[in-house]
Amino acid sequence: MKAVITGGGTGGHIYPALAIAEELKKRGWEILYLGSKQRMEAEIVPKTGCDFIGLSLRPLPRNISFKLFSFLFYNLKAFLKALKIIKSFKADFVIGTGGFVAGPVVLAGVMLGRKTIIHEQNAYPGITNKLLARFVNKVCLNFAESADYLKVNTQKVEITGNPVRPKIINTDRKKAYQSLNLNPELKTILITGGSLGAEIINQNIKELYQYALENEIQIIHLTGRKNYEKVKNNLKSSNLNLENPLIKVIDYLDEMEFALAAADLIISRAGATALAEITSCAKASILIPFAAAAENHQAVNAKTLAKKGAAAVIEESELSGELLLKKVIDIIEDEQKLQSMAAAAESMSQKNALKNIIKAIENLNKKNN
Ligand SMILES: CC(=O)N[C@H]1[C@@H](OP(=O)(O)OP(=O)(O)OC[C@H]2O[C@@H](n3ccc(=O)[nH]c3=O)[C@H](O)[C@@H]2O)O[C@H](CO)[C@@H](O)[C@@H]1O
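Residues numbered from 1 in each chain as written. Predicted model: local features only at pLDDT ≥ 70, side-chain atom pairs only at ≥ 80, totals over all residues. Heavy atoms only, no water.

Asks: Mind showing me how you'd approach the site of the ligand here?
Replies: Surveying the vicinity of the ligand reveals 23 residues, the closest of which are Asn122, Ser195, Leu253, Glu277 and His297. Within the side chain of Ser195, a nitrogen or oxygen atom sits 2.6 Å from an oxygen atom of the ligand. One nitrogen or oxygen atom from the main chain of Ala274 is found 2.9 Å from an oxygen atom belonging to the ligand. In the complex, 90% of the free accessible area of the ligand, which totals 770 Å², lies under the protein chains. (Near = heavy atom within 4 Å. Polar contact = N/O pair within 3.5 Å; in protein donor to acceptor, adjacent residues only side chain to side chain. Areas by Shrake-Rupley, 256 points an atom, 1.4 Å probe, with all protein chains shown as cover.)

Asks: Would you mind going over the sheet that holds strand E4 (residues 93-96) with me for this structure?
Replies: Pairing between the strands of a sheet is mediated by backbone hydrogen bonds and can be parallel or antiparallel. Pairing within the open sheet is parallel, and its 7 strands lie in the order E3-E2-E1-E4-E5-E6-E7. Each having just a single partner strand, strand E3 (51-55) and strand E7 (157-159) make up the two edges of the open sheet. Here the average twist between neighbouring strands, direction ignored, is 20 degrees. Looking at chain direction, strand E1 (residues 2-6) and strand E2 (residues 30-36) are connected through 5 bridges and run parallel. Across the sheet, Lys2 pairs through a bridge with Glu30, a residue of E2. Its contacts with the sheet put helix H1 (residues 11-26) on E1, E2 and E4, and the angle it makes with E2 is roughly 165 degrees. In this fold helix H4 (residues 102-111) packs onto E1, E2, E3, E4 and strand E5 (115-120), with an angle of close to 155 degrees to the strand it touches most, E4. (Pairing = 2+ DSSP bridges. Helix = DSSP H or I, 4+ residues; strand = E, 2+ residues; numbered from the N terminus. Axes fitted to C-alpha atoms, helices over the stretch in contact; angles between N-to-C directions. Contact = heavy atoms within 4.5 Å.)

Asks: What exactly am I supposed to notice about the sheet that holds strand E9 (residues 218-222) here?
Replies: The strand order across the open sheet built from 6 strands is E10-E9-E8-E11-E12-E13, with neighbouring strands paired in parallel fashion. Since the sheet does not close on itself, it has two edges, and those belong to strand E10 (247-250) and strand E13 (311-313), each with one partner. The average angle at which neighbouring strand axes cross in this sheet is 15 degrees, direction not considered. Across 4 bridges, the pairing between strand E8 (residues 188-192) and strand E11 (residues 265-268) is parallel. Paired with Thr192 across the strands is Ser268, a residue of E11.

This is the structure:
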């Protein structure tokens, strides 16, 4: 069997696609990933050994301007290229995980009569999946409530959860400490702003750094590529000793499984894929939802964990270095709290999500054969 897989723009769409790709490959499928040439997938996907072709696309402009012509021109070209590739690759399936590159690619699969599936990670679906939902054969969802926004026949909807790459779940903590050069005797805090990094988090961590240095706590801080130099310079100008082995400031970590496995506490944005990973790894977290996310969906994501006692939430509007440090101290200095939050996170993990999606793919395959 052969599948074209697509999805991208940010890690939140790419990693679920890679989880599906990896599992199908294990089952003998041939996979070709179609992504955007200009976005993160062009770098991330080939590193995993998955065949990748980059398309040239433009995002939907916010208002009607000359950019609309460029959007139509490039995306029509991408659509025609996708048609050609799907045909010559002889794909049986086209599977999309959101992000605007998935639009022309999945649509090309629909036009060619291939079996088509989309997966939506967020409670409030992205615009691409909203547009594609009515045309595809199967819609897999992380949250049941997303179906309310999609207006599609409920028979083609399946609630699968959000697939996490098996290595994220299975990484041994000892190996993680070794790989990241961490001391297993000390507590570790992971700070991550999602795949792009979060400037507002990066700007409010000096107090936390100071505390970590004074109390022998390790920090892995993933700044995001764009912000890396600025963050380092800011921290240096505050006279924080970045050469101290307790501190690891990293722009982007490909081996996220190590950072997740090593962490006792995670400070994070509340993207749906990040949360699926945090719960799968059974970690306590402090979540700072991205306030400008469509329909404030990160706040909705974060609340699901907070309600169960798995996470503390800080709204962007109230975030300060002092408040973040206070929340960290509340949790990291209270072993019982740390453990009960980790247990609550574990109770929310959807370890069968990947299996559920593969089952949905296999069922669709049987049904139409
Ligand atoms: C700004 C934006 O559009 N955010 C959206 C995007 O977030 P974003 O792309 O940040 O996605 P998530 O926060 O859900 O996940 C981040 C992913 O990047 C990985 N990672 C991160 C940092 C790093 O150094 N290395 C690394 O591998 C994480 O392991 C995770 O798999 O997609 C999510 C899932 O659709 C949405 O919920 C978010 O609202």
